[in-house]
Amino acid sequence: MKNILKIMMHDFKQISTNVVALVVIMGLSILPSLYAWFNINSNWEPYSEDATSNLKIAVYSNDEGMMVNNLELCIGNSVLDALRENDSIGWVFPEDERTAINGVYSGDYYAALVIPENFTQSIAAVLDGDTSGGTITYYSNEKKNAIATKITSKAEGAVEEQVNSQVFSTITQIVVKAGDALKNAQEDSSVLQETAQWLTMLEEDVQRYINILDTLEQSMDSAEQSMTALSSLVPKMAEDMEKDLSQIPDASRSLNGLQTAGIRLSDYVDVLGKGQTSLKKTKTQLTDLKTLIKKMKKDLLGTQDSESLEKVVSVLENDPERVGEYFSSLVNLKTIPVYKTSNYGSAMAPFYTVLAIWVGALILVAVLHTKVKDVPNLHEVKPYQEFFGRYALFFGVGQIQTLICVLGNLFFLEIQCKHPFLFWFAAAMTSFVFTIFIYSLTFAFGNVGEALAVVIMVLQVAGAGGTFPKEVLPQVYQDIYKFMPFPYCMDALRECVSGMYRNDYWVHIGRLGIFIGTSLVIGLVLYRPFVKLNLAIERSKENSDLMV
């Protein structure tokens, strides 16, 4: 332990008494933070309207329009007018189609949309049963910028939204032209309603007599008694139903099925008047009569609902735009954010913070020596003493790098962070893991270890799920994903940024311990077998007079 402390104190003395060393350490402490801050800030809101409105996309319409029922329609021009008021993209409206397309090839525009001559005719063909619809040509410059192509796909959605709105609005205008027929149907509906009311009264009378017959059936023991009671009841039944029929409006008697119903009702009245049927048969007849009345009411009201019809006519006549808007968005998607993150920069902060910490640790092994030399009063130093004694310098500088980066994220960039202290703690653990891992590689394998650290960093940047979900990456990255430290560091920081779920934060922190153990095995166990090889590589480098 004494030797370890001697090495640590010697390193601190060398830095504090050497101005150049102190400046270098200060630079090493700040440099990784700049890497993180610049990247987080550049990704702050790349998909916001303020940003995407700077992307130029050309739109040109060749649509010639058409006439429908003396109504002049041109959906292409309507789309252009709507896009002029849309600020989500930097829309440009060139004078001709050639300028729009050439602008995409030259790189002046990221994309161009060209509406064909027969666009309105293709859309209006739906009224004749043709549902193939219209086609807008979209030219996209995929060479200019890979990410911009994905962002400008937002333009396709904006144009589709405007086209759908204009199409449904146009169809609504055409429907309004046929509103007179609906009004006529509305005027006739009052007769139907009056007829339905009298049929309801008749139905209630029939049901009342059915209930009376049920009572008679239960209380009378003989058919003769039943018939006697029925004979006294029949005249009243016939009189009530004839009265109900007489009150149905004459104008409605010409409706489908009503004349037939009148004949059927007369038949039932005759049957009841004769008084020669049995009680059971009478009940059956009355039940059939009730069923017929219900069917007539359904036929009358099912096809012409006066109140609903009045609303439809009113909306079509007075507010066709409202109908157009309704049909252009029949389904509204309600988004409920889970672990809501205020901006894209905050969402990317865990990735760039972790990457900056790794870069910081990598710079340390490139600038600082891992081997201990010329320490006064240091006798019979052992490899593990040398390992821990010099690592203290790497650990301390790494923690300073991390603290500066975290403070800048929280108070300079002001990223969203629901758990600031735990964010720092996760970043500090990340620095501990990265510095001891990279230090161990370099301590054990020298320059080869540094190269391995660079390779591992490249693999993690590409396949650790920092920018794209691991599920969309090639299979090789999905296979090695769980063996990298990056995912666990980023997941722990994400818990702090967007919100915790149960014990996930501590689970991710705990898994980092595996890499600490692995680092100690590399630095302390694999060091000895590679000592001679490392010395040979060092001598070869010095003899080249080219390498440090």
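Description of the structure in this document. Note that residues are indexed from 1 along each chain, following the sequence as it is written. Restriction of local features to residues with pLDDT of at least 70 applies here, the model being predicted, together with a cutoff of 80 or more for giving and counting side-chain atom pairs; totals for whole chains, interfaces and linings are based on all residues. Calculation of side-chain values draws on the structure's entire complement of heavy atoms; hydrogens and water are dropped beforehand.

Remarks on the pattern of salt bridges
Part 1: Salt bridges are defined as contacts in which a side-chain nitrogen from Lys or Arg sits within 4 Å of a carboxyl oxygen from Asp or Glu. This structure, assessed with the given rule, holds four salt bridges.
Part 2: Close ionic contact of D11 with R390 constitutes a salt bridge, the shortest N to O distance being 2.9 Å. With D11 in helix 1 (residues 2–17) and R390 in helix 15 (residues 383–412), the pair connects residues that are 379 residues apart, well separated along the chain. An identical accessibility class is assigned to D11 and R390; each is buried. Note on conventions: DSSP H or I runs of at least 4 residues are helices, E runs of at least 2 residues are strands, and numbering of each starts at the N terminus. Working definition: with a 1.4 Å probe on protein chains only, accessible area under 20% of the residue-type maximum means buried, over 50% means exposed, and in between means partly exposed.

Quick word on the packing of aromatic side chains
Describing an aromatic ring pair means giving the distance of the ring centres and the angle of the ring planes.
Part 1: Stacked, edge-to-face and tilted labels apply to pairs of Phe, Tyr and Trp rings (six-membered ring for Trp) whose centres lie within 6.5 Å, assigned for plane angles under 30 degrees, over 60, and everything in between, in that order. Counted by the stated rule, this structure contains 21 aromatic pairs.
Part 2: Between Y488 and F515, the aromatic rings sit 6.1 Å apart at their centres with planes inclined by 45°, giving tilted as the arrangement. Taken together, the positions of Y488 in helix 19 (residues 486–498) and F515 in helix 20 (residues 504–525) put the pair 27 residues apart, joining distant regions of the chain.
Part 3: Looking at Y488, the relative accessible area reads 12%, which means it is buried.
Part 4: Here a set of aromatic residues connected by ring pairs shows up, and it is made of F387, F388, Y391, F394, F395, F432, Y439, F443 and Y527.
Part 5: Geometry around Y110 places K144 over its ring, the cationic atom sitting 4.2 Å from the centre. In this scheme, Lys NZ or Arg CZ marks a charge over a ring once it lies within 6 Å of the ring centre and within 35 degrees of the ring normal.

So, the pairing of strand 1 (residues 56–61)
In regular strands, side chains alternate between the two faces of the sheet.
Part 1: Counting buried residues along strand 1, five of its six residues qualify, which places the element largely inside the surrounding structure.
Part 2: Should DSSP find at least two bridges between two strands, the strands are taken to pair. The pairing of strand 1 with strand 4 (residues 90–92) spans three bridges and is parallel. By the bridge assignment for strand 4, I57 is matched with W91.
Part 3: Sheet analysis places strand 1 next to strand 5 (residues 111–115), joined by five bridges and oriented parallel. Each bridged residue has a counterpart across the sheet, and for S61 the counterpart in strand 5 is I115.

Here's the deal with the nonpolar core
Part 1: Grouped together as the largest cluster of nonpolar side chains are 66 residues, with contacts concentrated most on F423, F434, I438, F486 and L512.
Part 2: Taken together, the elements giving at least two residues each to this core come down to helix 2 (19–42), helix 14 (344–367), helix 15, helix 16 (420–445), helix 17 (447–463), helix 19 and helix 20.
Part 3: Sorting elements by how many residues they give to this core places helix 16 first, with 15 residues.
Part 4: L83, I89, F119 and I123 belong to the second-largest nonpolar core, a separate cluster that totals 13 residues. The nonpolar core is taken to be a set of buried Ala, Val, Leu, Ile, Met, Phe, Trp, Tyr and Cys residues, with the residues joined through side-chain atoms within 4.5 Å.

Here we look at the sheet that holds strand 1
Part 1: Spatially, the four strands line up as an open sheet ordered 4-1-5-6, and their pairing is mixed. Looking at which strands have only one partner, the edges of the open sheet turn out to be strand 4 and strand 6 (137–140). Here the average twist between neighbouring strands, direction ignored, is 20°.
Part 2: Any two residues whose heavy atoms approach within 4.5 Å at even a single point are treated as in contact. Every angle, taken between N-to-C directions, lies between 0 and 180 degrees, and every axis is a line fitted to C-alpha atoms, over only the stretch in contact when it is a helix. Across the sheet, helix 4 (residues 75–84) touches strand 1, strand 4 and strand 5, and the angle it forms with strand 1 is around 155°.
Part 3: Strands strand 1, strand 5 and strand 6 of the sheet are contacted by helix 5 (residues 97–106), whose axis makes an angle of about 155° with strand 5.

As far as function goes, none of this settles anything; it's purely spatial.
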